Amino acid sequence: MSTPGTPSVIFDLDGTLVDSEPNYYEAGRRLLAEHGVADFSWEHHTRFIGIGTRETLEVLREEYGIEAPVDELLAGKNRHYLELARASTDVFPEMRKFVERLHTAGVPMAVASGSSRAAIEAVLAGTGLDAFIPTIVSAEEVAQGKPEPDVFVEAARRLGASPADCVVLEDAPPGAAAAHAAGMRCVAVPYVPGTAGDPAFLAAGLLFAGGQSEFTAQAAYDWLVVAERSS
């Protein structure tokens with residue numbers, strides 16, 4: 001549990017800590033192909049970055065006229081994703097440095113993600129990040145996924161932290177909007193740099209407009225120290 005007034009850091013997982021979007025795209029492509037959709041492209045996939053898996057599948061089911069229920073589609077996509085994630089998931093190098101530095105400094109951390117709990121656990125275990133971030137919240141465990149604030153509010157509760165004392169790292173506008181709605185400061189690292197001008201990102205406390213190519217652990221940590229002093 002964190003001490004009141006000290007920062008806690010909550011990470012989005014996919015596209016923020018790890019480059020899992022290619023695996024999510026491939027899992028979705030395989031699933032849709034099983035239901036007769038042969039033209040699901042990366043460009044189609046990017047529309048849903050930052051949106052929870054269930055919410056994404058609800059939209060795709062309607063768009064493509066798929067008869068299978070959402071729960072069946074969700075189970076199928078999670079099965080494909082877990083196969084891919086266990087085989088290979090890359091951590092963004094500067095993000096790993098940032099996590100390790102926060103851990104050394106004793107900063108409480110959590111992951112709050114739209115992915116299933118099984119997927120989050122598989123990725124964190126496979127990358128070794130579970131040694132640094134034991135607290136996780138899946139959108140499965142709350143009433144509404146991003147852009148609603150539920151996952152971040154629950155992460156703060158589990159950390160024993162006030163939302164005002166939490167900083168969220170996010171790669172997608174819906175997640176940044178969820179952080180703002182939760183009353184938390186946000187460090188924005190756009191996965192798709194072309195979205196850097198989104199209002200949700202422009203409202204962030206710190207924006208790395210160039211995405212992961214611009215993000216550094218040092219710059220993020222220095223900002224966090226200043227933010228702590230001014231809070």
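Note that this is a predicted model, so its numbers are computed, not measured. (Residues numbered from 1 in each chain as written. Predicted model: local features only at pLDDT ≥ 70, side-chain atom pairs only at ≥ 80, totals over all residues. Heavy atoms only, no water.)

## Considering the sheet that holds strand β1 (residues 8-11)
Taken together, six strands build an open sheet; the order of strands is β3-β2-β1-β4-β5-β6 and the sheet is parallel. In this open sheet, the two edge strands, each paired with only one partner strand, are β3 (135-138) and β6 (206-207). Two strands pair when backbone bridges link them, and strand β4 (residues 166-170) and strand β5 (residues 185-188) are joined in this way by four bridges, in the parallel orientation. Paired with Glu170 across the two strands is Ala188, which belongs to β5. Strand contacts of helix α6 (residues 117-127): β2 (109-113) and β3, with the helix running at about 145 degrees to β3, the strand carrying the most contacts. Its contacts with the sheet place helix α7 (residues 150-159) against β1, β2, β3 and β4, and it is angled at close to 155 degrees to β3. (Pairing = 2+ DSSP bridges. Helix = DSSP H or I, 4+ residues; strand = E, 2+ residues; numbered from the N terminus. Contact = heavy atoms within 4.5 Å. Axes fitted to C-alpha atoms, helices over the stretch in contact; angles between N-to-C directions.)

## Quick notes on the pairing of β3
Neither face of β3 is left uncovered, since the one carrying Thr135 and Val137 and the one carrying Ile136 and Ser138 both have all their residues buried. Direction of pairing for β2 relative to β3: parallel, over a ladder of four bridges. The partner of Ala112 across the bridge, within β3, is Val137. Tracing the backbone out of β2, into α6 and back to the parallel element β3 gives a crossover that is right-handed. (Buried < 20%, exposed > 50% of the residue type's maximum accessible area, 1.4 Å probe, protein only. Right-handed = clockwise from strand over helix to strand, strands pointing away.)

## A short note on the environment of Leu82
By the secondary structure assignment, Leu82 is in helix α4 (residues 70-87). Once you skip the residues sitting within four places of it in the chain, Leu82 turns out to touch Ala118, Ala119 and Ala122.

## Some words on the pattern of salt bridges
Counted under the stated rule, the structure contains 12 salt bridges. For Glu26, the salt bridge goes to Arg29, with nearest N and O atoms at 2.8 Å. Remark: Arg29 and Glu26 occur in helix α1 (residues 21-34); sequence separation between them is three residues, near one turn of the helix. One salt-bridge network, in which partners are shared between bridges, spans Arg117, Glu121, Glu141, Glu154, Arg157 and Arg158. (Salt bridge = Lys/Arg side-chain N within 4 Å of Asp/Glu carboxyl O.)

## Points about helix α8 (residues 173-181)
A turn of α-helix holds 3.6 residues, and therefore any two residues three or four places apart point the same way. Every buried residue of α8 is accounted for by Pro173, Pro174, Gly175, Ala176, Ala178 and Ala179. Tucked inside the fold, the buried residues of α8 contact α7, β4, β5 and α9 (199-202).

## Looking at the packing of aromatic side chains
This structure, assessed with the given rule, holds six aromatic pairs. A ring pair is formed by Tyr24 and Tyr81, whose centres lie 3.8 Å apart and whose planes are at 15 degrees; its orientation type is stacked. Placement of the pair is Tyr24 in helix α1 and Tyr81 in helix α4, with a sequence separation of 57 residues. Across the pair, Tyr81 and Tyr24 agree in class, each one buried. With a centroid separation of 5.0 Å and 65 degrees between ring planes, the pair formed by Phe208 and Phe215 is classed as edge-to-face. (Phe/Tyr/Trp six-rings, centres within 6.5 Å; stacked < 30°, edge-to-face > 60°.)

## Comments concerning the environment of Ile120
The topology assignment puts Ile120 in helix α6. Of the residues examined, Ile120 reaches a relative accessible area of 0% and is grouped as buried. Measuring from C-alpha to C-alpha, the distance between Ile120 and Ile136 comes to 7.8 Å, with 16 residues separating the pair along the chain. Those residues within four positions of Ile120 in sequence are excluded, and the remaining contacts are Leu13, Val111, Ser113, Ser115, Ile136, Val137 and Ser138.

## A closer look at the nonpolar core
Counting 44 residues, the largest nonpolar core has Phe11, Leu17, Phe98, Leu102, Val111 and Leu169 as its most contacted members. Among the secondary structure elements, those contributing two or more residues to this core are β1, α1, α4, α5 (93-104), β2, α6, β4 and α10 (217-230). Considering each element in turn, this core owes the most residues, six residues, to α10. Setting aside chain neighbours within four positions, we find Phe11 in contact with Leu17, Met95, Phe98, Val99, Leu102, Met109, Ala110, Val111, Ala112, Ile133 and Leu169. (Core = buried A, V, L, I, M, F, W, Y, C linked by side-chain atoms within 4.5 Å.)

## Here's the deal with unusual backbone geometry
For the bond from Lys146 to Pro147, the omega torsion is 15 degrees, close enough to zero to count as cis. Here Pro147 lies in the loop between β3 and α7.

## With respect to the side chain of Lys146
Turning to its location among the elements, Lys146 is positioned in the loop between β3 and α7. Overall, Lys146 belongs to the buried group, its relative accessible area being 7%. In this structure the side chain of Lys146 is engaged in a polar contact, spanning 2.9 Å, whose partner is the side chain of Asp12. Here Glu170 takes part through its side chain, which lies 2.7 Å from a polar atom of the side chain of Lys146. Dropping the residues within four chain positions of it, Lys146 is found in contact with Asp12, Gly50, Ala112, Ser113, Val151, Phe152, Glu170, Pro174, Gly175 and Ala178. (Polar contact = N/O pair within 3.5 Å; in protein donor to acceptor, adjacent residues only side chain to side chain.)

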